[in-house]
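# Structural description and commentary
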Amino acid sequence: MKGAPADQKTAVSASAVPPLRLIVVLVLVVWISVLYYLFTVMADGGAAQLVADGRSADPCRGRYIYVHDLPPRFNADILRDCRKTNDHWPDMCDFVSNAGLGLPLADPLDSVFTGENGWYGTHQFALDAIFHNRMKQYECLTNHSAVADAVFVPFYAGFDFVRYHWGYENATRDAASVDLAQWLMGQPEWKRAGGRDHFLVAGRTAWDFRRSNNVSPNWGTDLLLMPGGREMSVLVLECSLVHEREYSVPYPTYFHPRSDAEVRRWQDRVRGAERRWLMAFVGAPRPDSPMNIREKIIAQCEAAPGDCTQLGCAFGSSQCHSPDKIMRLFQKATFCLQPPGDSYTRRSVFDSMVAGCIPVFFNRVSAHLQYKWYLPEYHAKYSVFIREEDVRARNVSIRAVLRAIPPETVERMREEVIGMIPRLLYADPRSRLESVRDAFDVAVEGIIGKVAAARASASRSHNHDSWPWRGLGSGWKK
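Source: prediction; values computed, not measured.

Phi at Arg245 is positive, roughly 65°, even though this residue is not glycine. The residue Arg245 is located in the loop between strand S4 (233–238) and strand S5 (246–248) in this model. Within the chain, Arg394 stands out as a residue other than glycine whose phi angle is a positive 60°. Here Arg394 is to be found in the loop between helix H12 (388–392) and helix H13 (398–403).

Set out below in structure tokens:
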């Protein structure tokens, strides 16, 4: 600025350079942001060190789970009410002991099925507590929901079902679910994705939580149909197969190993078991249900005394409530007959496979259309299918179908089943397996994968308003 007075030059220079105080403040803000980020990552156990190719060395990257700290009325208080079922269902207190595993078994014969060996009297509907306690041991938990890859809601929906199922009005049955939905939708974690990165475990069949869709207007709750419930993904023992965001996981069995070695020892035991019987059935008839084929199966078993064994479960019989008797029978059979019961699948399906017994199904929904994360896609690798219509019409001999399978094929199928055992088990929540992946690990990986896929799809769309996360829940349909 030629010819400008000296004082004008000074004013221009002063206005062109930021004050020193502003520079110091900016530097401090940057450093505080960097330190906060590093502290946040390190607090989650993942230091996020970078390797040469730029990828994160954090072993939990893509696996972080944030667990909602729910008020105890949604879980712990429900378990404390375990005797509340006395007037309708049996006392549940023993079944929720030992982190949800139930009482340890005491084998009167050869000390195989004992608590010391990982065997418990586990209730088939105890998964709410078992899964929550396993989650407490999960290696990639985070206290910072912003970095979580999924959000777990430890609501004991299955136990809540039991409390108020018999003799109560629907408003009472739904009270805890409505309360939960209102609580969740008020949290900042919910607002980030409308709850579609949330998941919970409802340790019963999906129909138990979809009352408005049921034939009976008084059966179950409406948890999965009400606002707040329908947005979340849910792990259930059996899917409805007509709704998204439902994923079937195995029923709890009686075996809950504490180490990889216990799993391997059991696999070796069932691999070497003497299979004296061609086929076996454990279950009660359904005389009040003419479409149920159990009576036909029992009749075929009784007509083949040299090939078929069964454990009678008539009303008043305690045999089907004796885990050691059930597991010993399954270990002695090559094939285990698994017709539908009160629902398409039943706990016996998983008990028999844990015993190394090849399952025989009569309805595709029992297994082939569910449990996509757990069972081979090619179902003939591990199971036999016989149409229930043919059994009902007496057009097929189950014994003849099974005898026609070549011995070498039977061996391959049995080995496939034995190889599946680890992922059909829920390990003892008070311990941690090393390299073996159990049913919990498979479920967590599956849920996180669904959330990640939905996020990736939304990112490609470049339009947040069109982010409905429809990828959650539809993966099992093919």
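To find leftover empty space, one rolls a probe the size of a water molecule over the atoms. Approximately 340 Å³ is the volume attributed to the second largest pocket. In this structure, the second largest pocket is lined by 20 residues; those nearest its centre are Arg63, Tyr138, Glu139, Arg437 and Asp441.

Glancing now at the environment of Arg211. Mapped onto the secondary structure, Arg211 falls in the loop between strand S3 (198–205) and S4. For Arg211, a relative accessible area of 8% puts it in the buried group. Separated by 12 residues in the primary sequence, Arg211 and Leu223 place their C-alpha atoms 8.5 Å from one another. Setting aside chain neighbours within four positions, we find Arg211 in contact with Asn170, Arg173, Asp174, Ser216, Pro217, Asn218, Trp219, Gly220, Thr221 and Asp222.

This part is about the confidence of the model for the protein chain. Low-pLDDT stretches of the model should not have their predicted coordinates read in fine detail. Looking at the protein chain, the pLDDT average stands at 85 and 81% of residues meet or exceed 70. A low-confidence stretch, residues 464–478 (pLDDT under 50), is modelled with 40 contacts involving residues beyond four sequence positions or located in other chains.

Turning our eyes to something else, we now look at the nonpolar core. Core analysis: the largest hydrophobic core is formed by 97 residues, its most contacted members being Phe131, Phe155, Phe335 and Leu402. Tallying contributions element by element places helix H15 (residues 439–461) first for this core, with eight residues. Among all residues touching Phe155, those that are not within four sequence positions of it are Leu70, Phe74, Ile78, Asp160, Ala176, Ser177, Leu180, Val201 and Leu223. If you look at the next biggest cluster of nonpolar residues, it comprises 26 residues, including Ala280, Phe330, Ala355 and Ile421.

Quick look at the state of the cysteines now. For the structure on display, the rule yields three disulfides. Linked covalently through their sulfurs, Cys60 and Cys140 form a disulfide whose S-S length is 2.1 Å. Taking the sign of the S-S torsion, about -80° here, the bridge from Cys60 to Cys140 comes out left-handed. A residue pair is termed long-range when its members are at least 10 positions apart, and Cys60 in the loop between helix H2 (20–43) and strand S1 (65–67) and Cys140 in the loop between helix H4 (127–135) and strand S2 (150–153) qualify at 80 residues.

Within helix H5 (residues 157–164), eight of the eight residues are buried, which leaves it mostly tucked inside the rest of the structure. Within the sequence span of H5, burial applies to Ala157, Gly158, Phe159, Asp160, Phe161, Val162, Arg163 and Tyr164. Residues of H5 that are buried make contact with helix H3 (76–80), H4, helix H6 (170–185) and S3.

So, how was this worked out
- Residues numbered from 1 in each chain as written.
- Predicted model: local features only at pLDDT ≥ 70, side-chain atom pairs only at ≥ 80, totals over all residues.
- Heavy atoms only, no water.
- Helix = DSSP H or I, 4+ residues; strand = E, 2+ residues; numbered from the N terminus.
- 1 Å grid on protein atoms, 1.4 Å probe; cavity = no way out; pocket = protein on both sides within 12 Å on 5 of 7 lines; lining within 4 Å.
- Points joined across faces, edges and corners; volume = space filled by probe spheres on them.
- Buried < 20%, exposed > 50% of the residue type's maximum accessible area, 1.4 Å probe, protein only.
- Contact = heavy atoms within 4.5 Å.
- pLDDT = per-residue confidence, 0-100.
- Core = buried A, V, L, I, M, F, W, Y, C linked by side-chain atoms within 4.5 Å.
- Disulfide = S-S within 2.5 Å.

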